[in-house]
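Here's the letter readout for the chains.
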Amino acid sequence: MIARTVIRRGLRLLALALVVVVALLGLLAGALRLQFTGDPAAWAKSTGNDALWLGHAWVDGRRTEQDFQGLAARLRTTGIRDLYVHSGPFEWDGRLDPAKYPNARNFVQWGKKYLPGVRLSAWLGQAVKNGLDLDDPKARQNVLDGVADIMRTGFDGVHYNFEPIGDGDTDFLVLLDQTRRLTGLLSTSTPQIEPYPLMRPVARALLSHDKYWSQGFFRQVVDRVDQVAIMTYDSGTLSQSLYGGYVARQAALALDLVPQDRSLFVGAPAYHDHGLSWSDDAESVAVAAQGARLALSDHGPRERFGLALYVDFAATEEDWREYTSQWLIQNPDPGR
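Each value, and the rule that gives it
Residues numbered from 1 in each chain as written. Predicted model: local features only at pLDDT ≥ 70, side-chain atom pairs only at ≥ 80, totals over all residues. Heavy atoms only, no water. Salt bridge = Lys/Arg side-chain N within 4 Å of Asp/Glu carboxyl O. Helix = DSSP H or I, 4+ residues; strand = E, 2+ residues; numbered from the N terminus. Buried < 20%, exposed > 50% of the residue type's maximum accessible area, 1.4 Å probe, protein only. Pairing = 2+ DSSP bridges. Axes fitted to C-alpha atoms, helices over the stretch in contact; angles between N-to-C directions. Contact = heavy atoms within 4.5 Å.

K.L.:
What should I look at first to understand the pattern of salt bridges in this one?
P.N.:
Opposite charge on two side chains permits them to pair, given that their charged atoms come into close proximity. What the rule picks out here adds up to 17 salt bridges. Between Asp-82 and Arg-119 there is a salt bridge, with its nearest N and O atoms 2.6 Å apart. With Asp-82 in strand β2 (residues 80-86) and Arg-119 in strand β3 (residues 119-127), the pair connects residues that are 37 residues apart, well separated along the chain. With a relative accessible area of 0%, Asp-82 lands in the buried category. Residue classification places Arg-119 among the partly exposed positions, given a relative accessible area of 31%. The residue Arg-95 makes a salt bridge to Asp-93 at a minimum N-O spacing of 2.7 Å.

Now the structure itself:
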């Protein structure tokens, strides 16, 4: 009898917990959908301060000068002014083998020749969960030595992408401070900002690492770099309206946290293998652009704000069309 009572009580508590979870998910979905309503202002579009992540083939010898001429022809008609070319990754101990970027010097020369005014950064990073230990001073020094070496090939800057960096990671902040002395242009990819209170600890409990950064830590990182690119993809949202609201929320938070003298990029998914079928359907360059425009409309004009397309080798002609029609044109149709 006592056992049955305990079981019934446990089932009631479980049912109540499920009701609470469903209700909270419903509130979250409603909040995101609300973010993706209305029409963006006509002026809320590219200001010619966009970015593009490039694959490793540009620095390992697989791509030629003729290939770069084709890339340059496309980019001249866009607002892309920063290129992040994958030149790593670092080894587990932080070393960067020069054999990974034998064509970097040629790449830089092609960039200066065919895309004058476009900044070229070496995109460097590594997995830091059960991988590269940035808490180890020796590993950080190896990273810095690698940065110093690759900067001698002529790059304008360094773009870091370490994943996953936990919220409050002071050793990452130390690395940024130390890297600042080696390059005149420092940028980093960042996780998403905690969209609403308590989402960060919940996500951390489920994933065993931080999916989100707090606003305070995000601002600490921003204070140490020239550019931040928020990876606003792989959101797990189930529909275009939810993804659009998610991007709008991320962009709105970041616009309030990034000073006017720093560049803010909203990552746009120009790839189609998210690993979840519904993410492939929900996430697109067009929806990311629409979300960014809505956030910008609410915030007000901002010069150093743009999209960062991920990634050149996966981008389709449709991705480029969406970038052009939803982010570059004078009076784009929101298309929702």
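After presenting the structure, the write-up continues.
K.L.:
Looking at this structure, I do not really get the sheet that holds strand β5 (residues 186-190). What am I missing?
P.N.:
The strands that make up a sheet pair up through hydrogen bonds in the backbone, lying either parallel or antiparallel. The parallel closed barrel is built from eight strands, whose spatial order is β1-β2-β3-β4-β5-β8-β9-β10. Averaged over all pairs of adjacent strands, the angle between strand axes in this sheet comes to 25°, irrespective of strand direction. By the bridge criterion, four bridges tie strand β8 (residues 227-230) to strand β9 (residues 263-269) in an arrangement that is parallel. Following the sheet pairing, Val-228 is matched in β9 by Leu-264. In the packing of helix α10 (residues 285-299) onto the sheet, the strands contacted are β9 and β10 (305-310), and the crossing angle to β10 comes to about 165°.

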